[in-house]
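# Notes for the structure review
Each chain, letter by letter, is given below.
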Amino acid sequence: MNRSLCDSASKLKSYLGIGNAEVSDSLLELLKSNCDSYQSSVKKFIELLKYIRNNNIHTKSFNELVALHELVAPHDCAVVSMLSIHFNLAIGTIANLGSQTPYVETLYQKLCSGRAIGVYLATELAHGNDLIAIETQANYLPEKGVFMLNSPSQNAYKFMPNTTPCELPKIAVVLAQLYVSGKKYGIFPFILPLSVNGKLTPGVNITPLGDKPGFYLDNAITSFDHVEIPFEGLLAGNMITLTRDGNVSLHTKKLIERFSLIINRIHSGKLCMAMSSVTAAKSALHITNAYGNKRQTFGYSGIMPIINHSHFKEGIAWDTLSTITHTLYLRELTRKVSVILSESVKNFKFSDELLIEITTTKSLCTWRTQEILLNCRERCGAQGLFTINKISSYLISNFGAITSEGDNLVLSLKAGGMIILNKMTKIHKTSVQHDLFSILNGYMNFLYKKLNRLVVGNNKKINLDMFNKHSKDFLELSQTYAVLSVVTTTIDAYHDNNDDDFYMIIEGYLLDWIYRTMSNLLKSEVINLQESQKIDERRIEYIRKHADRINDYITNFGVDKIGIETPISSNDYISWYANNHHQLKNN
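Cut-offs and rules
- Residues numbered from 1 in each chain as written.
- Predicted model: local features only at pLDDT ≥ 70, side-chain atom pairs only at ≥ 80, totals over all residues.
- Heavy atoms only, no water.
- Helix = DSSP H or I, 4+ residues; strand = E, 2+ residues; numbered from the N terminus.
- Rg over C-alpha atoms; globule rule 2.2 N^0.38 Å.
- Buried < 20%, exposed > 50% of the residue type's maximum accessible area, 1.4 Å probe, protein only.
- Contact = heavy atoms within 4.5 Å.
- Areas by Shrake-Rupley, 256 points an atom, 1.4 Å probe, with all protein chains shown as cover.
- Lys, Arg positive; Asp, Glu negative; His and termini not counted.
- Charge placed at Lys NZ, Arg CZ, Asp CG, Glu CD.
- Phe/Tyr/Trp six-rings, centres within 6.5 Å; stacked < 30°, edge-to-face > 60°.
- Lys NZ or Arg CZ within 6 Å of the ring centre and 35° of its normal.
- Polar contact = N/O pair within 3.5 Å; in protein donor to acceptor, adjacent residues only side chain to side chain.
- Domains from an automatic or database assignment.
- Buried area = accessible area lost by both parts, 1.4 Å probe.
- Salt bridge = Lys/Arg side-chain N within 4 Å of Asp/Glu carboxyl O.
- Expected span 1.5 Å × (residues − 1).
- Core = buried A, V, L, I, M, F, W, Y, C linked by side-chain atoms within 4.5 Å.
- Pairing = 2+ DSSP bridges.
- pLDDT = per-residue confidence, 0-100.
- Patch = residues over 30% accessible without salt bridge, like charges linked within 9 Å, V, L, I, M, F, W, Y side chains within 5 Å.
- Axes fitted to C-alpha atoms, helices over the stretch in contact; angles between N-to-C directions.
- Parallel < 35°, antiparallel > 145°, perpendicular 65-115°, else oblique.

Turning to the overall build of the protein, a few remarks are in order. In terms of regular secondary structure, the protein is built from 19 helices and 15 strands. Over its C-alpha atoms the protein spans a radius of gyration of 25 Å, differing by no more than 12% from the 25 Å that the globule rule assigns to 587 residues. With respect to the three principal axes, the spread of C-alpha positions in the protein is 85 × 75 × 45 Å. When burial is assessed residue by residue, the protein has 57% of its 587 residues classed as buried. A sequence separation of at least 24 residues applies to 76% of the contacts in the protein between residues at least 6 apart. In the form shown here, the protein has an accessible surface area of approximately 25,600 Å², with 51% of it arising from carbon and sulfur atoms. Averaging the locations of the 59 positively and 54 negatively charged side chains of the protein gives two centres separated by 4 Å.

This is the structure we're talking about:
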């Protein structure tokens, strides 16, 4: 390879490292400490907050915050969840909608300095994805100048925020229906400390839910019995003006528009979940690849490492291709969102186009990671089941990512509908065309036209019956849209005329997704049988030629540099187990 090609490949590899930053020994020691209960996870998170404060780590930039998620995710899924709730949901919501009153500023600075833990209370026992219908009430009492926060029934109990008391106070952002003089104004966030001087705030009731296997988060049921919140505790941004004597002026008239402003940090949280998920895939692939190169088996040519089997090597290569491409794409999408957030600190709302992209991306990345993690677990045999080898923990963590900040299935269906209603069929253009791109683009156009005809015939509305009858098409539209977003954004952001490694990766990514969609492409007549056979032959030839080259990229994930050590990925896993056995026996 000539010098320019080497330089291009080196540039590409530089984007793949976890967190893209050097990690101090003291931070590594903290991250590598094991947790076996939610109490130990909380203590670890508190130590992380101290480290962030003492080392002046910048978390206000969304780009830097996502990088911090990357760094923590391979070590501890519960801590990365607390990190996202604290910085993105709690602090992010206050920064976007909070007024600069002494009450808000005091609580906000406690959170920013790591002297309190931020929690976010949205979902309820009876309300998950239908947040707009939550039942928690905040009634304004002008005679006292306070809001009375109340859970009117069991349906309204907040389920399942990480509110269990610990050594640091917890400050909550609580979503509740605002009532003034008996009139309902819809959901707004409110800020209040859940405890004062080590004691629960009067009227706050918290019941721990206990551990989830391998995911030690301090989840709880939280309810409110006439809890007083000061007048300044309403986080309303510029949407509404409420005077102390109870007069209301609505500046954002539509309920749905106010709701969109209120939950915008849930949407940025989808990116945090997607990046954490893809980072877990990086770590699992590193562990599995190391195991495959060291684990010996008896094959047709005698004793050899199991990675010599093509099903093992090529399987890892396909999974690595997706992980590389999703990493490059998430870097660019995170950068774009970070710029937008930094330019619009107050009263920010995502555009429909960007919201669709973020939503479909989260589903695409976390679902693909789940498949990768299952593959890695199986490739590592029985050893892949042990917690100490991490892959099973990543699986459980990724279950959480699939559900957090909105269930993938619900989000994908909704995004499919939004693509139709927003007429977003021609946005996928790229400066560099690829012969495989037009196939997936053709399939998306087929789905769009099919569903759009139904919507037009129903007065340009989508109803439940339509979703139920055509859910598969809405899901396919959503996922195809996401794949095309990945390809177009990645090509436009990273392409280099001299970088043949990059185009090799993009070709493989497209071949993989076309192969996955093959039956639907044939049914929709986007391609014919002869074309599908040629694509299949091209796919087989591709992976046989490039599998080793692709798997070499795993070293650029930098997993070993962030201290991920497991028995099966060690230089001599047999000695690791044996030494541990001897130590325990001697003790």
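The next point concerns the packing of aromatic side chains. Applying the stated criterion to the full structure yields 9 aromatic pairs. Ring centres of phenylalanine 147 and phenylalanine 190 lie 5.1 Å apart, and the angle between their planes is 65°; on these two criteria the pair is classed as edge-to-face. Of this pair, phenylalanine 147 sits in strand β3 (residues 146-150) while phenylalanine 190 sits in strand β6 (residues 183-193); the two residues are 43 residues apart in sequence, bridging distant segments of the chain. Joined through ring pairs, the aromatic side chains of Tyr140, Phe147, Phe190 and Phe231 make up one cluster. Lying across the ring of tryptophan 513, arginine 516 places its NZ or CZ 5.1 Å from the centre. Arginine 539 extends its terminal NZ or CZ atom over the ring of tyrosine 515, reaching a point 3.7 Å from the ring centre.

The next subject is the side chain of threonine 222. Mapped onto the secondary structure, threonine 222 falls in strand β10 (residues 220-224). According to the relative accessible area criterion, threonine 222 is buried, its value standing at 0%. A polar contact is formed between the side chain of threonine 222 and the side chain of threonine 163, at a distance of 2.7 Å. Excluding residues that lie within four positions of it along the chain, threonine 222 makes contacts with Leu121, Tyr157, Lys158, Pro161, Thr163, Val204, Asn205 and Ile206.

Here the domain parsing of the protein yields domain 1 (119-254) and domain 2 (261-556). Taken over C-alpha atoms, the centre of domain 1 sits 36 Å from the centre of domain 2. Across the boundary between the two partners, domain 1 contributes 15 residues, which contact 9 residues of domain 2. The three residues of domain 1 that bury the most area against domain 2 are Asn129, Phe215 and Met239, which together make up 44% of that side's buried surface. Taken together, the links from domain 1 to domain 2 amount to 0 salt bridges. At the junction of domain 1 and domain 2, the tally comes to 1 residue pair in polar contact (both at pLDDT 80 or more).

With 31 residues, helix α8 (residues 264-294) should cover 45 Å at 1.5 Å per step; its first-to-last C-alpha distance of 46 Å lies within 8% of that length. For α8, the tally of buried residues reaches 29 of 31 residues, placing the bulk of the element in the interior.

Turning next to the nonpolar core. The biggest cluster of nonpolar side chains holds 180 residues, and the ones touching the most others in it are Leu48, Leu83, Leu149, Phe188, Phe190 and Val337. For this core, the two domains that each supply at least three residues are domain 1 (119-254) and domain 2 (261-556). Once you skip the residues sitting within four places of it in the chain, leucine 83 turns out to touch Phe45, Leu48, Ile52, Leu68, His69, Val72 and Asn88.

With omega at 15°, the peptide bond leading from phenylalanine 159 into methionine 160 counts as cis. Within the element layout of this structure, methionine 160 appears in the loop between β4 (158-159) and β5 (170-180). Even without glycine at this site, histidine 226 takes up a positive phi of about 55°. Along the chain, histidine 226 turns up in the loop between β10 and β11 (227-230). Positive phi values are uncommon outside glycine, yet glutamate 405 reaches one of about 55°. Along the chain, the position of glutamate 405 falls in the loop between α11 (391-403) and α12 (408-421).

This brings us to the sheet that holds β4. The strand order across the open sheet built from 3 strands is β4-β10-β9, with neighbouring strands paired in antiparallel fashion. Because the sheet does not close on itself, it has two edges, and the strands there are β4 and β9 (204-208). As paired strands, β4 and β10 are joined by 2 bridges and run antiparallel to one another. Each bridged residue has a counterpart across the sheet, and for lysine 158 the counterpart in β10 is threonine 222.

Turning to helix α16 (residues 500-516), a few remarks are in order. In a regular helix each residue adds 1.5 Å, so 17 residues correspond to 24 Å; α16 covers 24 Å between its end C-alpha atoms and thus fits that length. For α16, the buried fraction is high: 13 of the 17 residues fall into the buried class.

Within the protein, residue pLDDT values average 91, and 93% of them lie at 70 or more. For the stretch residues 1-7, pLDDT sits under 50, and the model shows 7 contacts to residues farther than four places along the chain or on other chains.

Together, Ile132, Leu255 and Ile256 make up an exposed nonpolar region whose accessible area comes to about 250 Å². Checked against the element boundaries, isoleucine 256 lands in helix α7 (residues 255-262).

Packing of α12 against helix α15 (residues 471-494) brings their axes to within 8 Å, and their N-to-C directions diverge by 85°. Taken together, the axes of α12 and α15 are roughly perpendicular relative to one another. In this structure, α12 uses Leu409, Ser412, Leu413, Ala415, Gly416, Gly417, Ile419 and Ile420 to contact α15, whose residues at the interface are Ser471, Phe474, Leu475, Leu477, Ser478, Gln479 and Tyr481.

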